[in-house]
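Chains, contacts and geometry: an overview
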Amino acid sequence: RVSAKAQNKAASFAAGAAASVLLAATPAFAASVKLGSDSGGLVFDPSTVTIKKGEKVTWTNNAGFPHNVVFDEDAVPDGVDVDSLSSYDLLNAPGESHSATFDVAGTYEYYCEPHQGAGMAGKVVVN
């Protein structure tokens, strides 16, 4: 016969293990970037974020839209598929967002297609 204390300990261990698996399967949220500044500027705010491998960045429409997030294939680490990181579709409404997880260390440069001429560009640095 197993004591109640042993059963509770086993249940706590099982719950903790399940939570660990769930957390390990979900990319860690690391940074949030506004698409357009609060004053309406055509910028990514902040323009540069630094994260760790396996972490996620979320870009959220703020002002001056439509926007998108397009990674430059010549300005990412070798072997990275920019299509898996980019959002070519335009985000047209406030609060619409795009997220990407970064698994390879290096520097990733991106831009907003509609506002590239205005200098709307950003950078993700992955350590």
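Residues numbered from 1 in each chain as written. Predicted model: local features only at pLDDT ≥ 70, side-chain atom pairs only at ≥ 80, totals over all residues. Heavy atoms only, no water.

**Comments concerning the sheet that holds strand β9 (residues 121-126)**
- If you walk across this open sheet you meet the 5 strands as β3-β9-β8-β5-β6, and the pairing is mixed. The open sheet has two free edges, formed respectively by β3 (48-51) and β6 (87-91), since each of these has just one partner strand. Within this sheet the neighbouring strands show an average axis-to-axis angle of 20°, counted without direction.
- Pairing analysis gives 6 bridges linking strand β8 (residues 106-111) to β9, with the strands arranged antiparallel. When the bridges of β9 are listed, T107 appears paired with V125. (Pairing = 2+ DSSP bridges. Helix = DSSP H or I, 4+ residues; strand = E, 2+ residues; numbered from the N terminus. Axes fitted to C-alpha atoms, helices over the stretch in contact; angles between N-to-C directions.)

**Let's talk about the packing of aromatic side chains**
- This structure, assessed with the given rule, holds 8 aromatic pairs.
- Geometrically, the ring pair formed by F71 and Y108 is edge-to-face, given 6.4 Å between the ring centres and 90° between the ring planes. Separated by 37 residues along the polypeptide, F71 in strand β5 (residues 67-71) and Y108 in strand β8 bring together distant segments of the chain. Y108 matches F71 in its accessibility class, with the two residues each being buried.
- Judged by centre distance (5.1 Å) and plane angle (50°), the ring pair of F71 and Y110 falls under tilted. (Phe/Tyr/Trp six-rings, centres within 6.5 Å; stacked < 30°, edge-to-face > 60°. Buried < 20%, exposed > 50% of the residue type's maximum accessible area, 1.4 Å probe, protein only.)

**Section: the sheet that holds strand β1 (residues 28-35)**
- On the basis of which strands lie adjacent, the open sheet formed by 4 strands has the order β2-β1-β4-β7 and mixed pairing. Where the open sheet ends on each side, the last strands, each with one partner, are β2 (44-45) and β7 (97-102).
- One ladder, built from 7 bridges, connects β1 with strand β4 (residues 55-61); its direction is parallel. Opposite V33, over in β4, you have W59 as the bridge partner.

**Points about the nonpolar core**
- With 23 residues, the main nonpolar core has F44, V57, W59, F71, F102, Y108 and V124 as its most contacted residues.
- For this core, the elements supplying multiple residues, two or more each, are β1, β3, β4, β5, α2 (82-85), β7, β8 and β9.
- With 3 residues, the single largest contributor to this core is β1.
- The contacts of V57, once residues within four sequence positions are left out, are A31, V33, V49, I51, H98, S99, A100, F102 and V124. (Core = buried A, V, L, I, M, F, W, Y, C linked by side-chain atoms within 4.5 Å. Contact = heavy atoms within 4.5 Å.)

**Here we look at the environment of V82**
- Secondary-structure assignment places V82 in helix α2.
- With 26 residues separating them along the chain, V82 and Y108 place their C-alpha atoms 9.4 Å apart.
- Those residues within four positions of V82 in sequence are excluded, and the remaining contacts are F71, D72, E73, V76 and Y88.

**Details of the pairing of β1**
- Two strands pair when backbone bridges link them, and β1 and β2 are joined in this way by 2 bridges, in the antiparallel orientation. What sits directly across from L35, in β2, is F44.

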